[in-house]
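# Residue-level structure breakdown
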Amino acid sequence: MRQPIHTKKENPMQTHSFCDLTGPRQSTIGDGGKRPSTGMTIRKGTEQVNQPKRSTKIGRNDPCPCGSGKKYKKCCASKTPRQAPRHHPEKPKIRLKSPADVEAIRRAGQLVIRTLDLVEAHLAPGITTESINTLVHAFTIENGATPAPLNYRGYPKSVCVSVNEVICHGIPGKRVLNDGDIVNVDVTSILNGYYADANKTYFIGTPGNDARKIVAVARESLKAGMKMVRPGNAVGDIGWAIQTYAEAQGCSVVREFVGHGVGFDFHEPPQITHFGNRGEGVQLIPGMVFTIEPMINLGGHELNILDDRWTAVTRDSSLSAQFEQTLLVTETGCESLTPYPL
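Residues numbered from 1 in each chain as written. Predicted model: local features only at pLDDT ≥ 70, side-chain atom pairs only at ≥ 80, totals over all residues. Heavy atoms only, no water.

Strand order in the open sheet formed by three strands is S6-S15-S14, and the pairing between neighbours is antiparallel. Of all strands in the sheet, those bounded by a partner on one side alone are strand S6 (166-168) and strand S14 (303-305). Neighbouring strand axes in the sheet, compared pairwise and without regard to direction, differ in orientation by 40° on average. Two elements, S6 and strand S15 (residues 312-314), share two bridges in a ladder whose sense is antiparallel. Residue pairing in the sheet places cysteine 168 in a bridge with alanine 312 of S15. (Pairing = 2+ DSSP bridges. Helix = DSSP H or I, 4+ residues; strand = E, 2+ residues; numbered from the N terminus. Axes fitted to C-alpha atoms, helices over the stretch in contact; angles between N-to-C directions.)

See the structure below:
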């Protein structure tokens, strides 16, 4: 799920989002904004869902963050000393992930991918976007996790479903999917206190030429960005690679929404822009975990926000597509913690 980009010149009430899933209220750059308070309870139908705010301190009797199901004192606590998160030497707000953290995020990522696979198996002309939300919500809860979007800054559903000209943050409802549509499904799950985030764009029925093109360019744009993730490169290298590729195909890159750090919280520093210049921005070092999620439009990059204050659509009504994965910077490159073929 995307985070909205913010600069000092912008009016926070005129920017919009969920790439931080923040709706029209804008977070400050690299901060991800305020989250719901600890222990906030959300009711969905007859079900109760708790939106946890994870503390970096793990109690000995808490579930082990590696996802084993054992208490921490009987699992990873006996293997390695408990350590507070390390921080990026240039940007102390960027919290690096330990091997135990990475394993826990990987487990959450596996659930995200299973959820997307389940959705894909049910996609067909005639279904509503609300039915996708029902499927995602039930499957997430059944697997002991929490759907991160639900009630995050007032977002009313458990998943974002964006059809055709919708760039992101489409709210599931009565809209019916038709033959030839494209639909992006964006899933973020919280499992044992850790977050993972991924999305895909799917064809409904038989796609037209424009649909085939924009989905292919969006997929390749993510690949181009991922190739730049390695120690020593900068955040700007990712955006440069994506923008260079997408614009060479005659498409455009959305500016208002960006990728973000993830794992301990829904949105963390740094922000990952999908456009920019080589060598600019924070340096990438092992232990960083963040999303890359370029939103690519067939026409211009300009957008509008609908009256629901969430749904972002292309201003020229052109098609928009997106693919997203949660990535770990390793010693030699990167690893996807939400892997699927591109």
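This is not the end of the story, as more comes after the structure.
Okay, the sheet that holds strand S13 (residues 295-297) next. Taken in spatial order, the three strands of this open sheet run S9-S13-S16, and their pairing is antiparallel. The strands lining the two open edges of the sheet, one partner per strand, are strand S9 (252-253) and strand S16 (320-322). With three bridges joining them, S13 and S16 adopt antiparallel strand pairing. By the bridge assignment, methionine 295 is partnered in S16 with glutamine 322.

Counting across every chain of the model gives 11 salt bridges. A salt bridge links glutamate 103 to arginine 106, with the shortest nitrogen-to-oxygen separation between them at 2.6 Å. One end of the pair, glutamate 103, and the other, arginine 106, are both in helix H1 (residues 99-122), three residues apart, so they sit about a helical turn from each other. By relative accessible area, which is 26% here, glutamate 103 ends up partly exposed. Across the pair glutamate 103 and arginine 107 runs a salt bridge, and its minimum N-O distance is 3.5 Å. Residue glutamate 103 and its partner arginine 107 are both found in helix H1; the two are separated by four residues, about one turn of the helix. When its relative accessible area of 31% is taken as the criterion, arginine 107 is described as partly exposed. Salt bridges here are not isolated pairs; linked through shared partners, they connect Glu103, Arg106, Arg107 and Glu335. (Salt bridge = Lys/Arg side-chain N within 4 Å of Asp/Glu carboxyl O. Buried < 20%, exposed > 50% of the residue type's maximum accessible area, 1.4 Å probe, protein only.)

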